[in-house]
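Per-entry structural report
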Amino acid sequence: MYETNNADKQRLVIKAAKFITSAATEKQFIKTDKPTIAVCGKSNVGKSSFINMLANQKKLAKTSSEPGRTRLVNYFDFGEFVLADLPGYGFARVSKTEKEKWGKTLDAFFKNNEELSHVFMLVDSRHDPTADDVQMIEFLHYHALPFTVVLTKADKLSKMKLKEHVKAIAADLYLGEKNLLATSAQTGYGKTDVLHKIADVIALANAPQEYDDEQDDEDDEDDEDETDGGEEC
Ligand SMILES: Nc1nc2c(ncn2[C@@H]2O[C@H](COP(=O)(O)OP(=O)(O)O)[C@@H](O)[C@H]2O)c(=O)[nH]1
Ligand SMILES: [Mg+2]
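1. Quick look at the overall build of the chain
Of the regular secondary structure elements, the chain holds six helices and seven strands. Element order for the chain, N to C, with α for helix and β for strand: β-β-α-β-β-α-β-α-β-α-β-α-α. Expressed as a percentage of the 233 residues in the chain, the buried residues total 33%. Partitioning the contacts of the chain with sequence separation of at least 6, the portion at a separation of at least 24 is 75%.

2. Some details on the pairing of strand β6 (residues 147-152)
For β6, a buried count of five out of six residues is recorded, marking the element as mostly surrounded by other parts of the structure. You can see the chain leave strand β5 (residues 116-124), run along helix α3 (residues 131-142) and come back into β6, and the turn it takes is right-handed. Two elements, β6 and strand β7 (residues 180-182), share three bridges in a ladder whose sense is parallel. The partner of leucine 151 across the bridge, within β7, is alanine 182. Read from β6 through helix α4 (residues 159-172) to β7, the crossover connection turns out right-handed.

3. Points about the site of ligand 1
Taken together, 19 residues sit near ligand 1, with Gly46, Lys47, Ser48, Ser49 and Thr63 positioned nearest. The element that contributes the greatest number of residues to the shell around ligand 1 is helix α1 (residues 47-55), accounting for three residues. Residues that form the shell around ligand 1 fall into these classes: two nonpolar, 13 polar and four charged.

4. Considering the confidence of the model for the chain
For the chain, per-residue confidence averages 85 on the pLDDT scale, and 82% of positions sit at 70 or higher. This model gives residues 226-233 a pLDDT under 50, and the stretch forms zero contacts once residues within four places in sequence are excluded.

5. Some words on α4
For α4, built from 14 residues, the straight-helix expectation of 20 Å at 1.5 Å per residue is met to within 8% by its first-to-last C-alpha distance of 20 Å. Within the sequence span of α4, burial applies to Leu162, His165, Val166 and Ile169. Mapping the buried residues of α4 onto a view down its axis gives an arc of 105 degrees, with all of them on the same face. In α4, the exposed residues that point more than 90 degrees away from the buried face are Met160, Glu164, Lys167, Ala168 and Ala171.

6. Structural notes on the sheet that holds β5
The pairing of strands in a sheet happens through backbone hydrogen bonds and is either parallel or antiparallel. The strand order across the open sheet built from seven strands is β1-β3-β4-β2-β5-β6-β7, with neighbouring strands paired in mixed fashion. The open sheet has two edge strands, β1 (18-23) and β7, and neither has a second partner. On average, each strand axis in the sheet is tilted by 25 degrees relative to the strand beside it, whichever way the strands run. Pairing of strand β3 (residues 73-77) with strand β4 (residues 82-85), which is carried by four bridges, proceeds in the antiparallel orientation. Following the sheet pairing, asparagine 74 is matched in β4 by aspartate 85. Most of the contacts of α3 go to β5, to which it runs at about 165 degrees, and overall it touches β2 (36-41), β5 and β6.

7. A short note on α1
Taking burial as the measure, the nine residues of α1 include nine buried ones, the bulk of the element. Next to the buried residues of α1 lie β2, β3, β4, β5, β6 and α5 (191-206). Just downstream of α1 lies asparagine 56, where phi reads positive at about 55 degrees.

8. Focus on the nonpolar core
Formed by 47 residues in total, the largest nonpolar core has its most connected members in Val39, Ile51, Leu83, Met121, Leu122 and Leu151. For leucine 122, the contacting residues outside a window of four places in its chain are Val39, Cys40, Gly41, Val45, Gly46, Lys47, Phe50, Val150 and Thr152.

9. Some remarks on the pairing of β5
Counting buried positions along β5 yields nine of nine residues, so the element is predominantly enclosed. Two elements, β5 and β6, share six bridges in a ladder whose sense is parallel. Residue pairing in the sheet places valine 123 in a bridge with leucine 151 of β6.

10. What about unusual backbone geometry?
The phi angle at asparagine 56 is positive, at roughly 55 degrees, despite the residue not being glycine. We note that lysine 153 has phi near 60 degrees; this positive angle belongs to a residue other than glycine. Positionally, lysine 153 belongs in the loop between β6 and α4. The class of lysine 153 is buried, set by 21 C-beta atoms lying within 10 Å.

Parameters at a glance
- Residues numbered from 1 in each chain as written.
- Chains lettered and ligands numbered in written order.
- Predicted model: local features only at pLDDT ≥ 70, side-chain atom pairs only at ≥ 80, totals over all residues.
- Helix = DSSP H or I, 4+ residues; strand = E, 2+ residues; numbered from the N terminus.
- Buried ≥ 20, exposed ≤ 12 C-beta atoms within 10 Å, placed from the backbone.
- Contact = placed C-beta atoms within 7 Å.
- Right-handed = clockwise from strand over helix to strand, strands pointing away.
- Pairing = 2+ DSSP bridges.
- Near = placed C-beta within 6 Å.
- Nonpolar A, V, L, I, M, F, W, Y, C, P; charged D, E, K, R; others polar.
- pLDDT = per-residue confidence, 0-100.
- Expected span 1.5 Å × (residues − 1).
- Arc of directions from axis to C-beta.
- Axes fitted to C-alpha atoms, helices over the stretch in contact; angles between N-to-C directions.
- Core = buried A, V, L, I, M, F, W, Y, C linked by C-beta atoms within 7 Å.

The structure is reproduced here in structure tokens:
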């Protein structure tokens, strides 16, 4: 199933991921120097299970078969990066006020977060993306955030069906199939691909800025020297 040649890619080993804290309001959001990766998606899609899979731990993030439990941003220290588990959306039994509160928390999270390097947007591999999923993607576009769609619960589909669903979900979301990573927290399927993606994200976040104004000025001077006579030749 979707064999990829990852032999030449960066390796990321996650040793001891730890819970940092929960934030209920904007004021409680943490500041960190480490690149931050957020995990979002509707309630019950498998966010906590995905985090536990990456951490190689069973109970780092609390999982629940009952949707709508997490109203908090939960932060985890993964060593080289921080992972933020965002409150799930699309839970029908939530009041309008509560939905608005959720929207504001998320908006604040995405707005003032310079360390936010990437978002994993989780979508159930078995179903068509919901209207809320589509809205979430529009929201990520609006905030100009780089993201990858992670399909969860791939173990519940046959290889054939999974292939079909990847194609259909990608088309629904106007994304290329390569922007989607199919995973299963139960079997660990797709975990390596996710770790490679994270390694790329961290490398990019830690890379020196490509452009700085002073360097540009120096380059301009060099250009002038060359046209002036080219003494160095
Ligand atoms: N079969 C299967 N079940 C999963 C998978 N990921 C999550 N689940 C189940 O889906 C339910 C919700 O998972 P959870 O991680 O708590 O979702 P969250 O609300 O998005 O954090 C739980 O009963 C999990 O055991 C998966 O990859 N495969
Ligand atoms: Mg959860």
